[in-house]
Amino acid sequence: MTEAYCARRRDRTARYNLSIMDATQFLPEVQKVLDRDGEPAYRLEQAYSALTGSLVRDWEEATSLPRSLRETLNEEAPAAVLDLRRTWRASDGTRKYLFYTHDAHAIETVMIPEKGRHTVCISTQVGCPMACKFCATGLLGIKRNLKAREIAEQVFVVARDIAPERVSNVVVMGMGEPMLNYKATLAALKVLNDPDGFGLAARHIAVSTSGLVDKIRRFADEPQQFHLAISLHTPFEDERQEIMPIAARHTIPELMEAARYYVTQTRRKLFFEYTLLAGVNDQPRHVEALAELLDHPLYHLNLLRFNWTDTGFSATSKHDAREFLLYARELDLSATLRPSRGQDIDAACGQLAAKDLRGRPAVPTI
Ligand code: SAH
Ligand code: SF4
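Model, not experiment: these values are computed from the prediction.

Describing the site of ligand 1
Then, number 1: Residues in contact with ligand 1 amount to 20 residues; listed here are only the nearest, Gly-176, Ser-208, Ser-231, His-233 and Asn-307.
Then, number 2: The contact in question runs from an oxygen atom of ligand 1 to an N or O atom on the side chain of Ser-208, over 2.7 Å.
Then, number 3: The separation between an oxygen atom of ligand 1 and a polar main-chain atom of Thr-209 is 3.5 Å.
Then, number 4: Coverage of ligand 1 by the protein amounts to 96% of the 520 Å² it exposes when considered alone.
Then, number 5: Mapped onto the shell around ligand 1, the elements with two or more residues apiece are β8 (205-209), β10 (270-276) and β11 (299-305).
Then, number 6: By residue class, the composition of the shell around ligand 1 is six nonpolar, 11 polar and three charged.

What follows is the structure, encoded as structure tokens:
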């Protein structure tokens, strides 16, 4: 790489944290072609910017690159790594996207429009090994981790689809446990955050984890200001172990220690996800224990309605969910109850299973 290029890149990375290494690792196949053909180093930057800024899905669209290089790249390192197979639109405007990876795994992505915002919910693994008892993704088991490029490309495709509207938020709450695919997830989020890349502010990006304590600490030490949510689902040890196998590995006190570390290090708000399951975790005693456990000004309780999955659980009624919220607030908990979105196309939290969806009551748009 030329010195001028490296200096320019260094100058940017000082401000935005994306290093030359990051860009190279994000596009290893492209780098390989460029190296082999003796292309100048700035071609990587042009390719990176075409993919992550101009959102090209065919190198033919990357007019900053010479025609012959575009042709070579199209043959040897295609711009799109995910094959968009199908999209659905729910009655509330939520959209779901079904992708196939090059090795024929199916993954899903969701776009949720709300009050002028467009939030993209992305997947980080094909399936998930955590086996939470209420989650459709958990029933699948794990096939493999997604690569950084596969994670970021989900957002690029949605951004193209909704243009001229813009993606305003990204939440890592689709298929998979992001902390089990830490490096690739972080690499993708850095590209999404990079002003020379997709350019989304870090505070508009959130990661949700079922609670891997060592990774929560590591995440707290990252320089980017991404948000974090921890899936808690009950304040009681025995109950948590019953619905979330990971609870056998990390106790609630261990989890809360990591949570404390996160807020101390970052001074950022920390979200606790809590899916209300009828008769399981929705009683007044749960609110009372939560009020003690989450007694910190930076902790926020996010109540979720349970979205139907074939797992034997059922949703707390709207009325009871509201009561739960009001009691939580009465006990001084900072709490909100999130509406469920996209249920009629199985696009809501925990419903992503990427199986053959033919015959479902959804309207494919392609
Ligand atoms: N694996 C990560 C992120 C993906 S799941 C995690 O577990 O945090 C995103 C959120 O949806 C988690 O809080 C998860 O517990 C919740 N969830 C899973 N299945 C659900 C369902 N059927 N209804 C509502 N929320 C669900
Ligand atoms: Fe995996 Fe999250 Fe589903 Fe648990 S809730 S099985 S961690 S995707």
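What to know about the site of ligand 2
Then, number 1: The environment of ligand 2 is made up of Cys-128, Met-130, Ala-131, Cys-132, Cys-135, Gly-138, Gly-176 and Ser-210.
Then, number 2: Here the residues of the shell around ligand 2 sort into five nonpolar, three polar and no charged.

Quick look at the packing of helix α3 (residues 28-36) against helix α5 (residues 67-76)
Then, number 1: Contact geometry for α3 and α5: axes closest at 10 Å, N-to-C directions at 130°. In terms of axis orientation, α3 runs oblique to α5. When you trace α3 past α5, the crossing you get is right-handed. Along its contact with α3, which presents Val-30, Val-33, Leu-34 and Arg-36, the element α5 presents Leu-69, Thr-72, Leu-73 and Glu-76.
Then, number 2: Among the residues forming the contact of α3 with α5, the class breakdown is five nonpolar, one polar and two charged.

Examining the pattern of salt bridges
Pairs can form between side chains of opposite charge whenever their charged atoms are close.
Then, number 1: Applying the stated criterion across every chain, the model contains 18 salt bridges.
Then, number 2: Arg-144 is the salt-bridge partner of Asp-103, the closest N and O atoms lying 2.8 Å from each other. Taken together, the residues Asp-103 in the loop between β2 (95-100) and β3 (106-114) and Arg-144 in strand β6 (residues 142-145) connect sequence positions 41 residues apart.
Then, number 3: Given a relative accessible area of 32%, Asp-103 falls into the partly exposed group.
Then, number 4: Relative accessible area serves as the criterion here: at 16%, Arg-144 is assigned to the buried category.

Section: the nonpolar core
Then, number 1: Grouped together as the largest cluster of nonpolar side chains are 108 residues, with contacts concentrated most on Trp-59 and Phe-272.
Then, number 2: If you tally residues by element for this core, the top one is helix α7 (residues 148-162), at nine residues.
Then, number 3: If we skip the residues at most four places from it in the chain, Trp-59 touches Val-30, Ala-47, Ala-50, Leu-51, Leu-65, Arg-70, Leu-73, Asn-74, Ala-77, Pro-78 and Ala-79.
Then, number 4: Among the nonpolar cores identified, the runner-up in size contains five residues, and Ala-90, Leu-98, Ala-106 and Ile-345 belong to it.

Quick word on helix α11 (residues 252-266)
Then, number 1: The terminal C-alpha atoms of α11, which comprises 15 residues, lie 21 Å apart, in line with the 21 Å expected from a rise of 1.5 Å per residue.
Then, number 2: What α11 keeps buried is the set Ile-252, Leu-255, Met-256, Ala-258, Ala-259, Tyr-262, Val-263 and Thr-266. When α11 is viewed along its axis, its buried side chains cluster within an angular range of 160° and face the same direction. Exposed positions of α11 whose direction lies more than 90 degrees from the buried face are Pro-253 and Glu-257.
Then, number 3: The elements touched by buried residues of α11 are α9 (213-220), β9 (227-231), α10 (237-243), β10, α12 (284-293) and β11.
Then, number 4: Two residues or fewer after α11 comes Arg-267, characterised by a positive phi angle close to 55°.

Cut-offs used in this document
Residues numbered from 1 in each chain as written. Chains lettered and ligands numbered in written order. Predicted model: local features only at pLDDT ≥ 70, side-chain atom pairs only at ≥ 80, totals over all residues. Heavy atoms only, no water. Near = heavy atom within 4 Å. Polar contact = N/O pair within 3.5 Å; in protein donor to acceptor, adjacent residues only side chain to side chain. Areas by Shrake-Rupley, 256 points an atom, 1.4 Å probe, with all protein chains shown as cover. Helix = DSSP H or I, 4+ residues; strand = E, 2+ residues; numbered from the N terminus. Nonpolar A, V, L, I, M, F, W, Y, C, P; charged D, E, K, R; others polar. Axes fitted to C-alpha atoms, helices over the stretch in contact; angles between N-to-C directions. Parallel < 35°, antiparallel > 145°, perpendicular 65-115°, else oblique. Left-handed = near helix turned anticlockwise from the far one by under 90°. Contact = heavy atoms within 4.5 Å. Salt bridge = Lys/Arg side-chain N within 4 Å of Asp/Glu carboxyl O. Buried < 20%, exposed > 50% of the residue type's maximum accessible area, 1.4 Å probe, protein only. Core = buried A, V, L, I, M, F, W, Y, C linked by side-chain atoms within 4.5 Å. Expected span 1.5 Å × (residues − 1). Arc of directions from axis to C-beta.

Bear in mind that shape data such as this cannot, by itself, settle questions of function.
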